[in-house]
Amino acid sequence: VLPRLARPFEYEAPRSLGEALDLLRRWGPDARLLAGGTDLLVSMHERGLTPACLIDLKRIPDLDEIDVLPGGDVRLGPLVTVRTLERSPIVHERLPVLAEAARLIGSVQIRNLATLGGNLCNASPSADLAPPLLVLDASVEITGTGGSKRVPLSKFFTGPGRTVLNGAILTAVWVPAPPLGTRAVYLKHTPRQAMDVAGPGVAVYVHLEAGSAKCVEVRIAMGGVAPTPLRAAQAEAVLRGKNVTPERIETAAATAVGEIHRYAGDAVDQRSSGRRFSREYRRAMVKVLTRRALAQICR
Ligand SMILES: Cc1cc2nc3c(=O)[nH]c(=O)nc-3n(C[C@H](O)[C@H](O)[C@H](O)COP(=O)(O)OP(=O)(O)OC[C@H]3O[C@@H](n4cnc5c(N)ncnc54)[C@H](O)[C@@H]3O)c2cc1C
């Protein structure tokens, strides 16, 4: 049984982006945007969040589309559900690591409601769609009253539950077409199977030179280990431009752990995996997952 909400709220369902922006301007910080509601309603029921108005984005046309652009880049609308990411032939064919990550989220019921935009804008350090999108070098389109701008996803998160949005709406996620010959994988640690608490997750993207072990490009991103999902730039440097060997994989995995050491104390959001796994355990898992992911795709 859900606890009673602390206070009633207004509900608005704008039919255009312009209308939604007008409502945001009128209500200011008392308003919250509503997508699937799987994070927002939990915050309202269990964490005392009391918005004066919910602005439902779901009646705005076209925000749930997936488009392949000339050149092969993919544009994902913020209202694309996690279930659609899991099942879309376009995502399977072009961005399989994203489909893989989507499949690991919650239950089918949650995935049917949960959206891509909600997962990123909620800014949980362990949001499962963040590491794969970071290694795919995605950027987000942010639309506010002053217009739209593109921001690399790596600059989008500023802390647990915080982003650079500042009252704007995330209106698209852009993913550059991965070159032929790249492979990516997302591994997440969950002690049990379905609907488990969020554990650390690691996404790895590797482009090997055709017919050799030389690593042309590598990207590694981690979730659930620091205040925001983040790229492991130093670990990437261990492999970029070099032949991938078991020894280098081991060094890269250890370096990735070193990169989260700069976050003093237990900085992971307490709503997320920080509450459930010790710092030492999360770091040990990052090493295991990074090593395993690299070994899996560099076979
Ligand atoms: C039982 C359960 C299990 C879960 N398991 C997982 C899991 O395994 N992995 C995982 O990553 N997450 C999990 N979640 C969290 C949640 O389902 C996802 O983060 C989901 O993708 C959120 O999307 P939503 O559409 O429901 O967001 P909402 O709840 O509608 O919104 C979340 C936040 O984002 C803001 N927002 C939404 N859309 C926009 C936009 N376009 N522009 C600006 N701000 C916006 C809202 O105002 C709100 O602050 C789980 C949740 C539950 C309840």
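Owing to the predicted nature of the structure, the values given are computational and were not obtained by experimental measurement.

About the cut-offs
- Residues numbered from 1 in each chain as written.
- Predicted model: local features only at pLDDT ≥ 70, side-chain atom pairs only at ≥ 80, totals over all residues.
- Heavy atoms only, no water.
- Helix = DSSP H or I, 4+ residues; strand = E, 2+ residues; numbered from the N terminus.
- Rg over C-alpha atoms; globule rule 2.2 N^0.38 Å.
- Buried < 20%, exposed > 50% of the residue type's maximum accessible area, 1.4 Å probe, protein only.
- Contact = heavy atoms within 4.5 Å.
- Areas by Shrake-Rupley, 256 points an atom, 1.4 Å probe, with all protein chains shown as cover.
- Lys, Arg positive; Asp, Glu negative; His and termini not counted.
- Charge placed at Lys NZ, Arg CZ, Asp CG, Glu CD.
- Pairing = 2+ DSSP bridges.
- Right-handed = clockwise from strand over helix to strand, strands pointing away.

Caption draft 1: Representation of the overall build of the chain within the structure. Looking only at helices and strands, the chain features 11 helices and 14 strands. For 299 residues, the compact-globule estimate of 2.2 N^0.38 gives 19 Å, and the chain sits close to it at 19 Å. A buried classification covers 51% of the 299 residues belonging to the chain. Long-range contacts, defined as pairs at least 24 residues apart, comprise 63% of the intrachain contacts of the chain with a sequence gap of at least 6. Counting every atom, the chain has about 13,900 Å² of accessible surface; 51% of that belongs to carbon and sulfur. Across the chain, the centroid of the 39 positively charged side chains sits 5 Å from that of the 29 negatively charged ones.

Caption draft 2: Looking closely at the pairing of strand β2 (residues 31–34). Relative to strand β3 (residues 53–56), β2 runs parallel, the two being bridged by 4 bridges. When the sheet's bridge partners are listed, Leu33 is paired in β3 with Ile55. Following the backbone out of β2, through helix α2 (residues 40–46) and into the adjacent parallel β3, one traces a crossover that is right-handed.

Caption draft 3: Quick look at the pairing of strand β7 (residues 147–152). Relative to β7, strand β6 (residues 139–144) runs antiparallel, the two sharing 6 bridges. Residue Ser139 lies in a different strand from β7, and its bridge partner there is Pro152.

So far we have only geometry, and geometry alone does not tell us how the molecule works.
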